[in-house]
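Here are the chains, one letter per residue:
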Amino acid sequence: MNRQEVIERLLDHYRSPRHRGKLPDADVVRSGGHPGCGDVITVYLKVDPEKQQVAALSFEGEGCTVSQAAASILTEKMQHADLAEIEALDDQEMIDILGREVVQARVTCATLALTTLQRAVHQYRREASKPHE
Amino acid sequence: MAEYAHPEVLVDTNWLAEHLNDPTVRILESNEDILLYDTGHIPGALKIDWLADLNDPVQRDYLDKAGFEKLASRLGINNDTTVVFYGDKNNWWATYAFWVFKLFGHKDARILNGGRAKWIAEGRELTKEVPQVAPGSYVANERDDSSIRAFRDQVLQHIKQEGAALVDVRSPQEYSGERTHMPEYPQEGTLRGGHIPTAKSIPWAKAANEDGTFKSPDELKTLYEGQGITPDKDVIAYCRIGERSSHTWFVLKYLLGYPKVRNYDGSWTEWGNGVGLPIEK
């Protein structure tokens, strides 16, 4: 994609976000944000415990175009993904998924959704590893 | 009613609407949201980004003389061009870009009062068309960091001096140190919360009206003088990275005409991480 196509894709996800909204039966609800600039993301994660995969994933949020578009693109990409795949994704890969030439000047916005989702996975694993009472 | 000390640095939306095709005027949109310009901007405006365009790509600093000349020329700006900045977030990044232009001595820089939000609220035209401009031929001064920019060690000396004033323009929660303690928000980038000793808490937003325009001269005078920030003092403003404090710097320097005002762009992301620097809560 050229630069303009990258911008159009981001703006499309910003205006018409995929998988936006609450997930009533989520295993984990996790929020993250940058209070200084107003970007906030809440991730809703439901896991298939047998497959250790995402069963359903959604988000809510407010903030700049990059942070919200990134959340939409990430949640679309990670539906039914292995948890290990989410954990292995790093910031640089996320920037490439979004379009490096456009988002590299806003790395914290571009990676907010990923960071928040990875914390959600971490929280899921921690809670799943606790002995049942 | 009193007037602003330098009313020539402010333009209103009517003025700008009448100068959209003025070849002596260059309109620059400076936003926090990097794609906002692409969703629609004031006709004839070009985008300038605080990070990609105004910062050095490696060192935490601003571009140098050669870099500024290249930037200004690319944007079709000459030394005598009237540059009008506007943007999102109550013009934080517009005043920040204005401040950087002043570091290089650009003479005629102005701010659109009310910024992007007011232009849109009035139902004025937006376009997605990026204008093609003829390159300018800019000869910049060497960047002057001495008169309107403050550094950490200068702030450390400043807070020990009589007749010096320091303004913390962040939110009350940041001033108190409460906000960086929130476990969900580790990206604030500082290891310690609180404020620089002697700083008065005057959040930037108190200088703005609901529509993003600046408050009246009388209101601004009451706001700052009421907290002991008077024109006879050497004043430094700071926030987290220097953008909100550029808004307050603009108010004190140009709207109230204080002679000695500097912006500490290192701000809390430097001070709150500094080893051994004094902090109050």
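Parameters at a glance
- Residues numbered from 1 in each chain as written.
- Chains lettered and ligands numbered in written order.
- Predicted model: local features only at pLDDT ≥ 70, side-chain atom pairs only at ≥ 80, totals over all residues.
- Helix = DSSP H or I, 4+ residues; strand = E, 2+ residues; numbered from the N terminus.
- Buried ≥ 20, exposed ≤ 12 C-beta atoms within 10 Å, placed from the backbone.
- Contact = placed C-beta atoms within 7 Å.
- Domains from an automatic or database assignment.
- pLDDT = per-residue confidence, 0-100.
- Axes fitted to C-alpha atoms, helices over the stretch in contact; angles between N-to-C directions.
- Parallel < 35°, antiparallel > 145°, perpendicular 65-115°, else oblique.
- Nonpolar A, V, L, I, M, F, W, Y, C, P; charged D, E, K, R; others polar.
- Pairing = 2+ DSSP bridges.
- Right-handed = clockwise from strand over helix to strand, strands pointing away.

**Q** I keep staring at the overall build of chain A and nothing clicks. Help me out?
**A** Within chain A, the secondary structure is distributed over six helices and three strands. Ordered by position in the sequence, the α and β elements of chain A form the string α-β-β-β-α-α-α-α-α. Projected onto its principal axes, the C-alpha positions of chain A cover 55 × 25 × 20 Å. Out of the 133 residues belonging to chain A, those deemed buried represent 46%. At a minimum sequence separation of 6, the contacts of chain A that also span at least 24 residues come to 64%.

**Q** Even after reading the chapter, I still don't get the overall build of chain B, so can you show me in this structure?
**A** Helix and strand counts for chain B stand at 11 helices and nine strands. Structurally, chain B occupies a C-alpha span of about 50 × 45 × 40 Å along its principal axes. A burial count over chain B gives 42% of its 281 residues as buried.

**Q** Just checking my understanding: could you explain the environment of arginine 152 of chain B for this structure?
**A** With respect to the element layout, arginine 152 of chain B can be found in helix 7 (residues 152-158). Along the backbone, arginine 152 of chain B and aspartate 265 of chain B are 113 residues apart, and their C-alpha atoms lie at a distance of 9.1 Å.

**Q** How do you make sense of the domain arrangement of chain B when you look at a structure like this?
**A** Residue and element names in this part refer to chain B. The domain boundaries assigned to chain B delineate domain 1 (7-121) and domain 2 (152-271). Taking only C-alpha atoms, the centre of domain 1 and the centre of domain 2 are 22 Å apart. At the level of secondary structure, the elements contributing two or more residues to the side of domain 1 that touches domain 2 comprise helix 5 (92-103) and helix 6 (115-121).

**Q** Would you mind going over the confidence of the model for chain A with me for this structure?
**A** The predicted coordinates should not be examined in detail at positions where pLDDT is low. Of the residues in chain A, 96% reach a pLDDT of 70 or more, and the chain-wide mean stands at 94. Least confident of the elements in chain A is strand 1 (residues 28-34) of chain A, whose mean pLDDT is 90; most confident is helix 3 (residues 83-88) of chain A, at 98.

**Q** Explain the packing of helix 1 (residues 3-15) of chain A against helix 2 (residues 65-77) of chain A here, please?
**A** The description of two helices packed together rests on the angle between their axes and the distance between the axes. All names here are of chain A. Two elements in contact, helix 1 and helix 2, have axes whose closest approach is 8 Å; the angle formed by their N-to-C orientations is 80 degrees. Relative to helix 2, the element helix 1 lies roughly perpendicular. Contacts from Leu10, Leu11, His13 and Tyr14 in helix 1 reach Thr65, Val66, Gln68, Ala69, Ser72 and Ile73 in helix 2. Tallied by class, residues from the contact of helix 1 with helix 2 come to six nonpolar, four polar and no charged.

**Q** For this particular structure, what's the right way to read the environment of arginine 18 of chain A?
**A** Residues and elements named next belong to chain A. Its location among the elements puts arginine 18 in the loop between helix 1 and strand 1. Along the backbone, arginine 18 and serine 58 are 40 residues apart, and their C-alpha atoms lie at a distance of 8.2 Å. Once you skip the residues sitting within four places of it in the chain, arginine 18 turns out to touch His13, Ser72, Thr75 and Glu76.

**Q** Explanation requested: the packing of helix 4 (residues 91-98) of chain A against helix 6 (residues 107-128) of chain A in the structure shown.
**A** All names here are of chain A. Close contact between helix 4 and helix 6 brings their axes to 9 Å; oriented N to C, the two are set at 105 degrees. When the interaxial angle is binned, helix 4 and helix 6 end up roughly perpendicular. Packed against helix 4, whose contacting residues are Asp91, Met94, Ile95 and Leu98, the element helix 6 presents Val107, Ala110, Thr111 and Leu114 at the interface. Along the lines of polarity and charge, the residues of the contact of helix 4 with helix 6 split into six nonpolar, one polar and one charged.

**Q** Can you help me understand the pairing of strand 4 (residues 82-86) of chain B in this one?
**A** Looking down a regular strand, the side chains alternate between one sheet face and the other. Residues and elements named next belong to chain B. With four of five residues buried, strand 4 lies mostly within the body of the structure. Pairing analysis gives five bridges linking strand 2 (residues 25-29) to strand 4, with the strands arranged parallel. The partner of leucine 28 across the bridge, within strand 4, is phenylalanine 85. Two elements, strand 4 and strand 5 (residues 109-112), share three bridges in a ladder whose sense is parallel. Paired with valine 84 across the bridge in strand 5 is arginine 110. Between strand 4 and its parallel partner strand 5, the chain crosses via helix 5, and the hand of that crossover is right-handed.

**Q** How should I be thinking about unusual backbone geometry in this particular structure?
**A** Note: most residues except glycine have negative phi, and most peptide bonds are trans. Phi at histidine 19 of chain A is positive, roughly 55 degrees, even though this residue is not glycine. The topology assignment puts histidine 19 of chain A in the loop between helix 1 and strand 1. Residues other than glycine seldom take positive phi values, yet asparagine 90 of chain B does so here, at roughly 55 degrees. Mapped onto the elements, asparagine 90 of chain B comes out in the loop between strand 4 and helix 5.

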